[in-house]
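Descriptive structure summary
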Amino acid sequence: MKCNRLVDVGRRQFLRGGVLGVAGAAAATVMPAGQAQAQTARAMLDYPSSKLANIADLKVNEPMDIGYPDADSPGVLLKLGTAVEGGAGPDGDVVAYSVLCPHKGFVMSYHGADKTLNCPGHFSRFDCEKGGQQIWGHSTQNLPQFALRVDDKGDIYAEGADELIYGRLSNVL
Ligand code: FES
């Protein structure tokens with residue numbers, strides 16, 4: 001009988017600890033989320049502005065090779081032909097992405113038929129009309145999209161990235 005009561009007390013303490021543990025974990029989750037937001041915002045600002053091309057240089061659905069934030073970091077500049085969320089330019093359809101696969105850094109190629117970037121390594125695929133969202137494969141993050149600004153002369157500038165570019169320890173140079 002006494003033994004049963006001890007088991008019961010032990011179970012209640014375990015459950016209480018579990019609840020506190022979950023609450024603690026939730027609190028811990030809330031804190032880093034705020035930090036992560038701050039880091040994302042900072043990452044967008046940390047890359048220097050770099051001119052990529054002029055809007056007149058782009059043809060619909062024909063990718064242009066770029067290097068951003070430096071020549072060691074290949075990317076692609078695209079005029080998609082339809083406005084997308086985050087798209088720049090007068091038609092809201094100009095986007096730019098890193099072409100280094102977030103999984104293991106293979107250089108990806110553009111597939112115009114479905115507007116995706118495709119990895120030859122392990123076949124991850126990313127949707128260029130959806131902010132680089134991964135739609136298939138091993139990668140554990142979406143594709144870094146470059147923040148673009150188009151000035152009144154039509155010059156296109158990249159000014160940041162919204163994800164960690166493969167091979168970099170942080171989104172700073
Ligand atoms: Fe691209 Fe593995 S390197 S999926």
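Because the structure is a prediction, the values reported are computed rather than measured.

Considering the overall build of the chain
- A count of helical and extended segments in the chain gives one helix and 10 strands.
- Of the regular secondary structure in the chain, the N- to C-terminal order runs α-β-β-β-β-β-β-β-β-β-β.
- The 173 residues of the chain split such that 35% are buried.
- Once local pairs closer than 6 in sequence are excluded, the contacts in the chain between residues at least 24 apart make up 43%.
- Put simply, the chain shows about 10200 Å² of open surface, and 57% of that area lies on carbon and sulfur atoms.

What to know about unusual backbone geometry
- Backbone torsion omega between Y68 and P69 reads 5 degrees, so that peptide bond is classified as cis.
- Its identity as a non-glycine residue notwithstanding, N61 has a phi of 65 degrees, on the positive side.
- The partly exposed category is assigned to N61, whose relative accessible area is 25%.

So, the pattern of salt bridges
- Per the counting criterion, the structure on display carries eight salt bridges.
- The partner of K79 in a salt bridge is D93, with the nearest N and O atoms 3.0 Å apart. Pair noted here: K79 is in strand β3 (residues 74-79) and D93 is in the loop between β3 and β4 (94-98), with a separation of 14 residues, a long-range link.
- Residue classification places K79 among the buried positions, given a relative accessible area of 13%.
- Note on D93: relative accessible area 2%, which makes it buried.
- A salt bridge links E159 to R149, with the shortest nitrogen-to-oxygen separation between them at 3.0 Å. Residue E159 is found in strand β10 (residues 155-161), and its partner R149 is found in strand β9 (residues 146-150); the two are separated by 10 residues along the sequence.
- The partly exposed category is assigned to R149, whose relative accessible area is 36%.
- Connected through shared salt-bridge partners, K79, D91 and D93 make up one network.

As for the packing of aromatic side chains
- Tallied over the full model, the rule gives one aromatic pair.
- Between Y68 and F146, the aromatic rings sit 5.0 Å apart at their centres with planes inclined by 70 degrees, giving edge-to-face as the arrangement. One end of the pair, Y68, is in the loop between β2 (64-67) and β3; the other, F146, is in strand β9, and 78 residues separate them in sequence.
- Classification of Y68 as buried rests on a relative accessible area of 0%.

Structural notes on the sheet that holds strand β7 (residues 125-127)
- Pairing in this open sheet of four strands is antiparallel, and the strands run β5-β6-β7-β8 from one edge to the other. Of all strands in the sheet, those bounded by a partner on one side alone are β5 (109-111) and β8 (133-136). Neighbouring strand axes in the sheet, compared pairwise and without regard to direction, differ in orientation by 35 degrees on average.
- Relative to β8, β7 runs antiparallel, the two being bridged by three bridges. By the bridge assignment for β8, D127 is matched with Q133.

Procedures and definitions
- Position labels on residues start from 1 in each chain and follow its written sequence.
- Reporting in this predicted model follows two pLDDT cut-offs: at least 70 for local features of residues, and 80 or more for side-chain atom pairs to be given and counted; totals over whole chains, interfaces and linings ignore these cut-offs and use all residues.
- With hydrogens and water set aside, each side-chain value is computed from the structure's full complement of heavy atoms.
- Here a helix means four or more residues in a row that DSSP labels H or I, a strand means two or more in a row labelled E, and each is numbered from the N terminus.
- Summary of the burial criterion: residues with accessible area below 20% of their type's maximum are buried, those above 50% are exposed, and those between are partly exposed, where the area comes from a 1.4 Å probe applied to protein chains only.
- The criterion used for residue contact is that any of the two residues' heavy atoms lie within 4.5 Å.
- Accessible areas in this description were obtained via Shrake-Rupley with a 1.4 Å probe; residue shielding takes into account the shown protein chains only.
- Any Lys or Arg side-chain nitrogen found within 4 Å of a carboxyl oxygen on Asp or Glu counts as a salt bridge.
- What counts as a ring pair is set by centres within 6.5 Å for rings of Phe, Tyr and Trp (its six-membered ring), and what kind of pair is set by the plane angle: stacked under 30 degrees, edge-to-face over 60, tilted for all other angles.
- Think of it this way: DSSP has to see at least two bridges between two strands before they count as a pair.
- Structural elements are reduced to axes, namely lines fitted to C-alpha atoms, with helices fitted over the stretch in contact, and the angle between N-to-C directions of any two is expressed from 0 to 180 degrees.

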